[in-house]
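# Chains, contacts and geometry: an overview
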Amino acid sequence: MTFIFFTVKLIFKLLEVLFLSSFKFLFAPPLAFKLGLTFFQTFLTTSVGGILGVLFFYYLSEGLIVLWRKYFSTIASWFISHPNRRNFPYLHLGSLRRNKKKVFTFRNRTLAKIRTNYGLLGIIILTPVVLSIPLGSFLAARYYYSLKTLCFLGISVFVWSIILSSVLVFF
């Protein structure tokens, strides 16, 4: 009876670390060691969780980008060319025009700097630790969509899992 309880408890710990590593990878290894997992368990669950998160959010982002491109242009053109567009006071038509000046926030500037200064390599390296896995997967799918990019993101998660797990074991 105690063995079954111990096994179920371990499975829930592994699932908790796996789920956290698929969203915010940087916090998963410290949580794993706090829960009492070994180096190998920590490395394996954070790697698998991070790679599953990358796969899920990469393909989800691809689908969202396709839907956005397909339907937003149709909806925007309907509102612009609709004869009763004066009846839509909540729609600001200026935001749909191409020549409107873009407003840059701190987040937009940071993402633009990462893309222009570091490119694909910067997104791949920074995704697990600085950017979250959903955001990094979205940026990679948006600007550098290919199977090679997906493989590099998986390798990055794997390498960062080794680095973070090793650092936590030695310190």
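## Some remarks on the packing of aromatic side chains
- One pass over the structure, following the stated rule, counts seven aromatic pairs.
- A ring pair is formed by Phe23 and Phe57, whose centres lie 5.3 Å apart and whose planes are at 65°; its orientation type is edge-to-face. In this pair, Phe23 sits in helix H1 (residues 2–23) while Phe57 sits in helix H3 (residues 39–81), placing the two residues 34 residues apart along the sequence.
- Since its relative accessible area comes to 35%, Phe23 is described here as partly exposed.
- The interplanar angle of 10° and the centroid separation of 6.4 Å between the aromatic rings of Phe39 and Phe43 together place this pair among those described as stacked. Placement of both Phe39 and Phe43 in helix H3 is noted, with a separation of four residues, approximately one turn of the helix.
- We classify Phe39 as partly exposed; its relative accessible area is 35%.
- Residue Phe43 is classed as buried on the basis of its relative accessible area of 13%.
- Taken together, Phe19, Phe23, Phe56 and Phe57 form an aromatic cluster joined through their ring pairs.

Cut-offs applied
Residues numbered from 1 in each chain as written. Predicted model: local features only at pLDDT ≥ 70, side-chain atom pairs only at ≥ 80, totals over all residues. Heavy atoms only, no water. Phe/Tyr/Trp six-rings, centres within 6.5 Å; stacked < 30°, edge-to-face > 60°. Helix = DSSP H or I, 4+ residues; strand = E, 2+ residues; numbered from the N terminus. Buried < 20%, exposed > 50% of the residue type's maximum accessible area, 1.4 Å probe, protein only.

So far we have only geometry, and geometry alone does not tell us how the molecule works.
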